[in-house]
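Coordinate inspection notes
Now for the letters of each chain:
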Amino acid sequence: MSRVLTFILILCPLFVFGQNSYHTKKKKAIEAFEQANNAVAIGDLNKALTHITEAIDKDKSFDEALLLAMQINLQLGDEANASNLLSNADDEVEPSFYNRMLVDLAQYHFLQGDYQKANAYLNKVSGGTLGMSKVTIDQLRTNLDFALDQVAKPKQVEFEKLESNLNGFEMQYFPSVDAFGQLVFTAREMGALSDENLMVSFDSAGYWTTPVSISENINTQRNEGTASISADGKTLVFTGCNKEGNIGGCDLYISYKEAGEWSIPELLDESVNSEAWDSQPSLSSDGKTLYFVSNRSGGLGKQDIWVSQNLAGSWQPAVNLGTTINTIGNDCSPYIYADNSTLFYSTDGQRGLGGLDLFKSTVEGNLWSQPENLGYPINNERDQIGYSISLEGWAYYSEVSEEGRIYLYRLKLPEDVLPERRVTPWSVVLVNGESGEPIESLAKLAWSSDTLEAATGKDGSINMILSGKSGAYSVSVSGFETKLAQRSDSVVRLYPYKVGQSLGEPLLFETNSTEFSEKTEKQLEEALEFLLLHPEVVVEISGHTDAVGSEMDNLRLSEARAMAVYHYFLKKSVPKENLVFKGYGESKLMKGNAGLMVNSQNRRVELKIAKILN
């Protein structure tokens, strides 16, 4: 957004007076002034300038005409003529008009980043100001004091324009980065028939690949843009405008990466979208929390930040983020860092350096901390919007050039701006230990206090964001033996289960007993954990006895032992479809090393894989 346009948008409305209240009695001057006012109303500033110049020629002390002429010149970016009008008006206009001219010039230079000149104009204001409250002027003074202080002690920041292959479109903006070297952004060419599309580039050894369309499932002939990719790279939310079936003009859509491909986007329902404008999404690292911007009713200002949680696969009704974050102004462009507790966002409703400034706030429970301005030169007189922050501390953003093109940039954030609790990306590849082929499946990763689920890609890789998890963990995949691995392992080899494979050592019993010993109880708990983790496995529970007693009695005893184990598992919620049991009596006796019968080893129950379900 240009500086002049920014001034136009924030400038208070030009005044329309009844004819009897004008500070002139010259009808020709009034007629020219009203023609100028009408031209301003339809946006024809050049025509308005012609008429207002005529009005001043008719009466050089026409207060309303001098003020309007200065405002028109500022809107056209002609600060020299605006300053001349002020100089000529010193002895010509009433004090409240003169003060208004001073404040308008101060505001203009504030938005241009010329804080010293803005401060000089504002310091001349004394007394009442036409059409402006003391609160408004005090707010400008507060912003100016803050800006002057920030410029006097700038942060050390690195700025970079991204490679030319990323900036090959007329416009590229709202970049979003994940933790594994994937950059998604909106691209648009100039021209009436052009539309917005989502592009993706990958970090290849420190060099960004040439962008390509993110997916034929996502990009259409309508506008798709302003996207957020979750830090784990598995979920994408984007804005779709003027699409068939939309709830409002611009709505939010969601897509999931499945087997390396993006799914057909789903329109989020009325829990998230409204009949108003909804855009600028930001997903938490796990894809379960969605922040976005809307101008719907029920907000605090012009644009507010809203949030929705995904509980058990359902997005909950969006709620306003509250008065700590949202203001009566524009609050927009949220970005939730991968720690899921630090929010970066833009607002013009807090103390800043002009336009929309970047702020950060952290949440504990449901309470957000007081927002902190990121300071100069991260913030300046321009609008700071559309930022995405990598785990390495690079903030990706876009900026408008003098010729009107939009380019992608990045800046390295200082350490004192980055979140205190840093997170790291983590990758591991799961491989079939027998065939050497990658395993493409859902995997369960279990630490001592937490269990996570993750789907591997076609190459067997798992990409996750982990915080506070280190050391050993277990890996469980359907049809494969559970394996203990280390965080430092880049490849984990899993071996498939086979029919007939034993699950641990036999469960031993006392003579003529079906009671579980303390050791057997522990073995059963381990087997239970396996059965619950592997519902694809059918286990045979086989009971056995020694050769003491009659064959019929031993057959009954072996069945009773197998049935005791069977009922143990049923009571622990193992589906009966995963269990079969059988008593073998003394028909499968085991012998010791010397070939002698060892009765204690024969009083047993064995657990073996009978079948592996597809």
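The preceding data block contains the structure.
Keep in mind the model is a prediction, meaning the values are calculated, not measured.

1. Quick look at the overall build of the protein
- Along its length, the protein carries eleven helices and 35 strands.
- For 614 residues, the compact-globule formula gives about 25 Å, and the C-alpha radius of gyration of the protein, at 35 Å, lies well above that figure.
- In terms of overall dimensions, the protein has a C-alpha envelope of 130 × 45 × 45 Å along the principal axes.
- Counting across all 614 residues of the protein, residues that qualify as buried make up 51%.
- Contacts in the protein between residues far apart in sequence, at least 24 positions, make up 56% of those at least 6 positions apart.
- Carbon together with sulfur atoms contributes 49% to the accessible area of the protein, which is approximately 29100 Å² in total.
- Computed over 53 positive and 82 negative side-chain charges, the inter-centroid distance for the protein is 3 Å.

2. Remarks on the packing of helix α2 (residues 27–41) against helix α3 (residues 45–58)
- For the pair α2 and α3, the least separation of the axes is 8 Å and the interaxial angle reads 165 degrees. Classed by the angle they form, the pair α2 and α3 counts as roughly antiparallel. At the point where α2 passes α3, the crossing takes the left-handed sense. Residues Lys28, Ala29, Ala32, Phe33, Gln35, Ala36, Ala39 and Val40 of α2 form the contact with α3, whose participating residues are Leu45, Lys47, Ala48, His51, Ile52, Glu54, Ala55 and Lys58.
- Taken together, the residues of the contact of α2 with α3 sort by class into ten nonpolar, two polar and four charged.

3. A short note on the state of the cysteines
- Counted under the stated rule, the structure contains one disulfide.
- Not engaged in a disulfide, the cysteine Cys332 finds its nearest cysteine sulfur in Cys250; these two sulfurs lie 15 Å apart.

4. With respect to unusual backbone geometry
- Here the amide bond leading from Tyr376 into Pro377 is cis, since omega sits at 5 degrees, within 30 degrees of zero.
- By the element assignment, Pro377 lies in the loop between β21 (372–373) and β22 (388–389).
- Even without being a glycine, Phe174 presents a positive backbone phi close to 50 degrees.
- Residue position: Phe174 is located in strand β2 (residues 171–177).
- Given the relative accessible area of 15%, Phe174 is considered buried.
- The phi torsion at Ser573 lies on the positive side, around 75 degrees, for a residue other than glycine.

5. Remarks on the side chain of Thr186
- Of note, Thr186 is situated in strand β3 (residues 182–188).
- Among the polar contacts made by the side chain of Thr186, one reaches the main-chain amide nitrogen of Thr226 at a distance of 2.7 Å.
- Among all residues touching Thr186, those that are not within four sequence positions of it are Met171, Gln172, Tyr173, Phe174, Glu196, Asn197, Leu198, Glu224, Gly225, Thr226 and Ala227.

6. With respect to the pattern of salt bridges
- Within the structure shown, the criterion is met by 15 salt bridges.
- For the salt bridge of Glu224 with Lys243, the shortest nitrogen-to-oxygen distance reads 2.9 Å. Remark: Lys243 occurs in the loop between β8 (235–241) and β9 (250–258) and Glu224 occurs in strand β7 (residues 223–229); sequence separation between them is 19 residues.
- On the basis of relative accessibility, which here comes to 0%, the residue Glu224 falls in the buried class.
- The class for Lys243 is buried, based on a relative accessible area of 16%.
- Measuring nitrogen to oxygen at the nearest pair gives 3.0 Å for the salt bridge that ties Glu434 to Lys498. Of this pair, Glu434 sits in the loop between β25 (424–432) and β26 (442–446) while Lys498 is found in the loop between β31 (491–494) and β32 (507–508), placing the two residues 64 residues apart along the sequence.
- Within this structure, Arg604, Glu606 and Lys608 form a network of salt bridges that share partners.

7. A closer look at the side chain of Thr327
- For Thr327, the position within the fold is in the loop between β16 (319–320) and β17 (331–336).
- Among the polar contacts made by the side chain of Thr327, one reaches the main-chain amide nitrogen of Gly329 at a distance of 3.0 Å.

8. Thoughts on the sheet that holds strand β28 (residues 461–466)
- Here we have three strands laid out as an open sheet, ordered β28-β25-β31, and mixed in their pairing. Two strands lie at the open edges of the sheet, namely β28 and β31, each paired on one side alone. Geometrically, the sheet is characterised by an average inter-axis angle of 30 degrees between neighbouring strands, direction not taken into account.
- Where β25 lies against β31, four bridges are found, and the strand directions are parallel. The partner of Asn432 across the bridge, within β31, is Leu494.

9. As for the nonpolar core
- Of all hydrophobic cores here, the largest spans 50 residues; its most connected members are Phe33, Ile52, Phe110 and Leu122.
- Among the elements of the structure, α2, α3, α4 (63–75), α5 (79–89), α6 (95–112), α7 (115–122) and α8 (134–152) are those that each provide at least two residues to this core.
- By residue number, the principal contributor to this core is α6, which donates ten residues.
- If sequence neighbours within four positions are ignored, Leu122 has contacts with Val103, Ala106, Ile137, Leu140, Arg141 and Leu144.
- Ranked by size, the runner-up nonpolar core spans 23 residues in total, among them Ala179, Ala338, Leu374 and Tyr387.

10. Regarding the pairing of β3
- For β3, the tally of buried residues reaches six of seven residues, placing the bulk of the element in the interior.
- Direction of pairing for β2 relative to β3: antiparallel, over a ladder of five bridges. Its bridge partner being in β3, Met171 is matched across the sheet by Arg188.

11. Observations concerning the sheet that holds strand β34 (residues 579–583)
- Strand order in the open sheet formed by four strands is β32-β35-β33-β34, and the pairing between neighbours is mixed. The open sheet is flanked by β32 and β34, the only strands paired with a single partner.
- Relative to strand β35 (residues 604–612), β32 runs antiparallel, the two sharing two bridges. The residue of β35 that forms the bridge with Leu507 is Val605.
- In this fold helix α10 (residues 551–571) packs onto β32, β33 (537–543), β34 and β35, with an angle of close to 160 degrees to the strand it touches most, β34.

12. Points about the environment of Gly240
- Examined against the element boundaries, Gly240 turns out to sit in strand β8.
- Distance from Gly240 to Tyr253, taken between C-alpha atoms, is 6.7 Å for residues 13 residues apart in sequence.
- With residues near it in sequence (within four places) discarded, Gly240 still touches Asn223, Asn246, Gly249, Cys250, Asp251 and Tyr253.

13. Structural notes on the packing of α6 against α8
- Running from N to C, α6 and α8 point in directions that differ by 35 degrees, and their axes come no closer than 11 Å. In terms of crossing hand, the pair formed by α6 and α8 is left-handed. On α8, the residues touching Val103, Ala106, Gln107 and Phe110 of α6 are Ile137, Leu140, Asn143, Leu144 and Ala147.

Cut-offs used in this document
- Residues numbered from 1 in each chain as written.
- Predicted model: local features only at pLDDT ≥ 70, side-chain atom pairs only at ≥ 80, totals over all residues.
- Heavy atoms only, no water.
- Helix = DSSP H or I, 4+ residues; strand = E, 2+ residues; numbered from the N terminus.
- Rg over C-alpha atoms; globule rule 2.2 N^0.38 Å.
- Buried < 20%, exposed > 50% of the residue type's maximum accessible area, 1.4 Å probe, protein only.
- Contact = heavy atoms within 4.5 Å.
- Areas by Shrake-Rupley, 256 points an atom, 1.4 Å probe, with all protein chains shown as cover.
- Lys, Arg positive; Asp, Glu negative; His and termini not counted.
- Charge placed at Lys NZ, Arg CZ, Asp CG, Glu CD.
- Axes fitted to C-alpha atoms, helices over the stretch in contact; angles between N-to-C directions.
- Parallel < 35°, antiparallel > 145°, perpendicular 65-115°, else oblique.
- Left-handed = near helix turned anticlockwise from the far one by under 90°.
- Nonpolar A, V, L, I, M, F, W, Y, C, P; charged D, E, K, R; others polar.
- Disulfide = S-S within 2.5 Å.
- Polar contact = N/O pair within 3.5 Å; in protein donor to acceptor, adjacent residues only side chain to side chain.
- Salt bridge = Lys/Arg side-chain N within 4 Å of Asp/Glu carboxyl O.
- Pairing = 2+ DSSP bridges.
- Core = buried A, V, L, I, M, F, W, Y, C linked by side-chain atoms within 4.5 Å.

The values reported here are purely geometric and, on their own, carry no functional implication.
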